[in-house]
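# Fold and contact review
These are the residues of each chain, in order.
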Amino acid sequence: GAGVSQSPSNKVTEKGKDVELRCDPISGHTALYWYRQRLGQGLEFLIYFQGNSAPDKSGLPSDRFSAERTGESVSTLTIQRTQQEDSAVYLCASSLNRGRKLFFGSGTQLSVL
Amino acid sequence: GQQLNQSPQSMFIQEGEDVSMNCTSSSIFNTWLWYKQDPGEGPVLLIALYKAGELTSNGRLTAQFGITRKDSFLNISASIPSDVGIYFCAGLPRGTGNQFYFGTGTSLTVIP
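Residues numbered from 1 in each chain as written. Chains lettered and ligands numbered in written order. Predicted model: local features only at pLDDT ≥ 70, side-chain atom pairs only at ≥ 80, totals over all residues. Heavy atoms only, no water.

## Quick notes on the overall build of chain B
Looking only at helices and strands, chain B features zero helices and eleven strands. In chain B, the order of α-helices and β-strands from amino to carboxyl end is β-β-β-β-β-β-β-β-β-β-β. Here the C-alpha radius of gyration of chain B, 14 Å, is about what a compact globule of 112 residues would show, namely 13 Å. For chain B, the proportion of its 112 residues judged to be buried stands at 46%. Sequence-distant contacts in chain B: of pairs separated by 6 or more residues, those separated by 24 or more amount to 54%. As displayed, chain B has an accessible area near 5100 Å², and 52% of this comes from carbon and sulfur atoms. One way to put it: in chain B the 6 positive side-chain charges average out to a point 16 Å from where the 8 negative ones average out. (Helix = DSSP H or I, 4+ residues; strand = E, 2+ residues; numbered from the N terminus. Rg over C-alpha atoms; globule rule 2.2 N^0.38 Å. Buried < 20%, exposed > 50% of the residue type's maximum accessible area, 1.4 Å probe, protein only. Contact = heavy atoms within 4.5 Å. Areas by Shrake-Rupley, 256 points an atom, 1.4 Å probe, with all protein chains shown as cover. Lys, Arg positive; Asp, Glu negative; His and termini not counted. Charge placed at Lys NZ, Arg CZ, Asp CG, Glu CD.)

Right under this line is the structure:
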């Protein structure tokens with residue numbers, strides 16, 4: 001597709017379970033970002049990839065959060081041992097290169113019960 | 001971390017009125033982006049600004065990159081009901097940092 005694709009669009013899980021969220025960026029975009037958006041809030045930076053490397057992981061809230069990117073394409077955000085405070089929309093964005101326009105996917109709504 | 005102050009937090013206006021919102025930062029930014037977000041959707045890019053003083057339009061929307069490089073403005077002229085949504089500014093600080101910082105959003109309601 002032409003845009004950023006995220007899956008699943010919705011995920012309901014039980015506290016303590018692990019979840020994986022997927023992002024397919026726009027083809028050819030070298031930069032990929034993950035953001036978290038709590039209900040009624042702004043966007044909170046999690047991690048940035050340039051190619052397959054993550055030079056900036058400063059936003060990951062705890063060691064339960066990790067992300068990887070392969071083939072300079074698909075990225076997966078993994079949350080281990082989910083907690084209720086992890087409930088939020090997780091947004092992925094890609095750009096042609098650092099500092100250029102960010103294009104967002106529709107997000108994954110994560111609900112931890 | 002960087003602080004982006006976006007105002008106003010919310011606006012209720014009559015259809016046809018013009019709208020102004022702005023973002024200010026405590027440090028110099030190299031890039032400003034403006035987004036609109038509808039419920040259940042990701043933010044959609046409206047306008048991108050890369051140079052101090054730059055003024056860019058996209059239909060009824062006009063945005064400016066402040067001369068001080070610490071602020072940006074978004075104006076919407078002759079508002080219509082489909083302008084309803086949350087508007088976010090985003091900025092990339094000068095330097096080697098990689099993350100765009102986002103404002104807290106302006107919720108716009110247009111009354112027909």
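## Overview of the pattern of salt bridges
Inspection of the entire model under this criterion finds six salt bridges over all chains. Residue R36 of chain A is joined to E44 of chain A by a salt bridge in which the shortest nitrogen-to-oxygen separation is 3.1 Å. Classification of R36 of chain A as buried rests on a relative accessible area of 4%. With its nearest N and O atoms 2.7 Å apart, the salt bridge here joins K36 of chain B to D38 of chain B. Taking relative accessible area as the criterion, D38 of chain B reaches 35% and is therefore assigned partly exposed. Overlapping salt bridges, with partners in common, bring together R36, R38 and E44 of chain A in one network. (Salt bridge = Lys/Arg side-chain N within 4 Å of Asp/Glu carboxyl O.)

## A word on the side chain of Q37 of chain A
Structurally, Q37 of chain A can be placed in strand β4 (residues 31–37). Engagement of the side chain of Q37 of chain A in a polar contact is seen with the side chain of Q37 of chain B, the distance being 2.9 Å. Setting aside anything within four residues of it in sequence, one finds Q37 of chain A in contact with G42, L43, A88, V89 and L91 of chain A together with Q37 and F88 of chain B. (Polar contact = N/O pair within 3.5 Å; in protein donor to acceptor, adjacent residues only side chain to side chain.)

## Thoughts on the interface of chain A and chain B
When the parts of a complex come together, some accessible area is lost, and that lost area is often taken as the interface size. Listed as interface residues are 21 residues of chain A and, on the opposing side, 23 residues of chain B. In total, chain A and chain B occlude about 1700 Å² of area from one another, counting both sides; carbon and sulfur atoms represent 55% of this. Seen at the junction of chain A and chain B, the total is zero salt bridges. The tally of links between chain A and chain B comes to four residue pairs in polar contact (both at pLDDT 80 or more). For the side of chain A that touches chain B, the secondary-structure elements that each account for two or more residues are β4, β5 (43–50), β6 (53–56) and β10 (103–104) of chain A. Its residues placed into classes, the side of chain A that touches chain B shows ten nonpolar, seven polar and four charged. (Buried area = accessible area lost by both parts, 1.4 Å probe. Nonpolar A, V, L, I, M, F, W, Y, C, P; charged D, E, K, R; others polar.)

## A word on the state of the cysteines
Evaluated as defined, the whole model comprises two disulfides over all chains. Between the sulfur atoms of C23 of chain A and its disulfide partner C92 of chain A the distance amounts to 1.9 Å. Measuring handedness by torsion sign, the sulfur bridge of C23 of chain A and C92 of chain A sits at about -65° and is left-handed. Taken as a pair, C23 of chain A in strand β3 (residues 19–24) and C92 of chain A in strand β9 (residues 88–95) lie far apart in primary sequence, 69 residues in all. You can call C23 of chain A buried: its relative accessible area is 0%. Disulfide partner of C23 of chain B: C89 of chain B, at an S-S distance of 1.7 Å. A torsion of -80° about the S-S bond marks the disulfide between C23 of chain B and C89 of chain B as left-handed. Taken together, the positions of C23 of chain B in strand β3 (residues 19–25) and C89 of chain B in strand β9 (residues 85–93) put the pair 66 residues apart, joining distant regions of the chain. (Disulfide = S-S within 2.5 Å.)

## Focus on the sheet that holds strand β7 (residues 61–65) of chain B
Residue and element names in this part refer to chain B. With antiparallel pairing, the five strands of this open sheet are ordered in space as β1-β3-β8-β7-β6. Lying at the two open borders of the sheet, with one neighbouring strand each, are β1 (4–7) and β6 (55–58). Taken over all neighbouring pairs, the strand axes of this sheet differ in orientation by 15° on average, direction set aside. (Pairing = 2+ DSSP bridges. Axes fitted to C-alpha atoms, helices over the stretch in contact; angles between N-to-C directions.)

## Observations regarding the nonpolar core
In globular proteins that are soluble, nonpolar side chains generally tend to be buried together. Grouped together as the largest cluster of nonpolar side chains are 21 residues, with contacts concentrated most on W32, W34, L74 and L108 of chain B. At the level of elements, β2 (10–14), β3, β4 (29–37), β5 (44–49), β7, β8 (71–76), β9 and β11 (106–111) of chain B are the ones that each hand at least two residues to this core. Among the nonpolar cores identified, the runner-up in size contains 20 residues, and V89 and F104 of chain A together with F88 and F102 of chain B belong to it. (Core = buried A, V, L, I, M, F, W, Y, C linked by side-chain atoms within 4.5 Å.)

None of this, on its own, says anything about what the molecule does.
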